[in-house]
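# Per-entry structural report
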Amino acid sequence: MGTQLDYFLDLTSLKIMLVLYRDNPDVPFEYLQKELKLDDSILSEKLAELIKAELVKVRNEGDKKLFTLSIPARMSINRLMKDK
């Protein structure tokens, strides 16, 4: 993908960000997978893209990876929600 905006136009990426927005901070991979009903490889690929685009942050807690929406992504979604 190109810009950060492109991820807001991609349905799968947007769904991931919305779950992280709702359940922030520190959402485990397994929870995302259960909520979104996505295959491991698709979810992993999308999360990697979102991390690279700096829309999602990841941290390790023991053997678990926890995902959090970045501040710019949260602010963008806040603006979208305010406009509804």
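Residues numbered from 1 in each chain as written. Predicted model: local features only at pLDDT ≥ 70, side-chain atom pairs only at ≥ 80, totals over all residues. Heavy atoms only, no water.

### Here's the deal with the packing of helix H2 (residues 11-23) against helix H5 (residues 71-82)
To keep things clear, this is the line we draw: Think of each axis as a best-fit line through the C-alpha atoms, taken over the contacting stretch in the case of a helix, with angles from 0 to 180 degrees between the N-to-C directions. A run of H or I in DSSP counts as a helix once it spans at least four residues, and a run of E counts as a strand once it spans at least two, with each numbered from the N terminus. Oblique is the label for any angle not covered by the other classes, which are roughly parallel (under 35 degrees), roughly antiparallel (over 145) and roughly perpendicular (65 to 115). Working rule for contacts: check all heavy atoms of both residues, and any pair within 4.5 Å makes them a contact. When residues are sorted by character, Ala, Val, Leu, Ile, Met, Phe, Trp, Tyr, Cys and Pro go into the nonpolar class, Asp, Glu, Lys and Arg into the charged class, and all the rest, Gly among them, into the polar class.
Interaxial distance between H2 and H5 falls to 11 Å at its minimum, and their mutual angle equals 90°. With respect to H5, the axis of H2 lies roughly perpendicular. Only Ala73, Arg74, Ile77, Asn78 and Met81 of H5 make contact with H2, whose side of the interface consists of Met17, Leu18, Leu20 and Tyr21. Taken together, the residues that form the contact of H2 with H5 break down as seven nonpolar, one polar and one charged.

### Side note on the sheet that holds strand S1 (residues 27-28)
To keep it simple, the criterion reads: For two strands to be treated as a pair, DSSP must find no fewer than two bridges joining them.
Strand order across the open sheet formed by three strands is S1-S3-S2, with antiparallel pairing between neighbours. Bordering the open sheet on either side are S1 and strand S2 (56-61), each of which pairs with just one other strand. Pairing of S2 with strand S3 (residues 64-69), which is carried by six bridges, proceeds in the antiparallel orientation. Looking across to S3, one finds that valine 58 is bridged to phenylalanine 67. Where H2 meets the sheet, it contacts S1, S2 and S3, and its direction lies at approximately 90° from that of S3.

### Regarding the pattern of salt bridges
For clarity, the threshold we go by: Every case where a carboxyl oxygen of Asp or Glu lies within 4 Å of a side-chain nitrogen of Lys or Arg is listed as a salt bridge. Only protein chains enter the accessibility calculation, which uses a 1.4 Å probe; a residue is then buried when its area is under 20% of its type maximum, exposed when over 50%, and partly exposed in between.
Tallied over the entire structure, the rule returns six salt bridges. For arginine 22, the salt bridge identified is with glutamate 35, shortest N-O distance 2.7 Å. On the criterion of sequence distance, the pair formed by arginine 22 in helix H2 and glutamate 35 in helix H3 (residues 29-36) is long-range, its members being 13 residues apart. Judged by its relative accessible area of 30%, glutamate 35 is partly exposed. The partner of lysine 46 in a salt bridge is glutamate 49, and the shortest N-O contact between them spans 3.9 Å. Linking lysine 46 with glutamate 49, this pair stays in helix H4 (residues 40-52), spanning three residues, or about one helical turn. The class of lysine 46 is buried, set by a relative accessible area of 12%. Residue class for glutamate 49 comes out partly exposed when judged on its relative accessible area of 21%.

Read these as layout, nothing more, since geometry by itself doesn't imply function.
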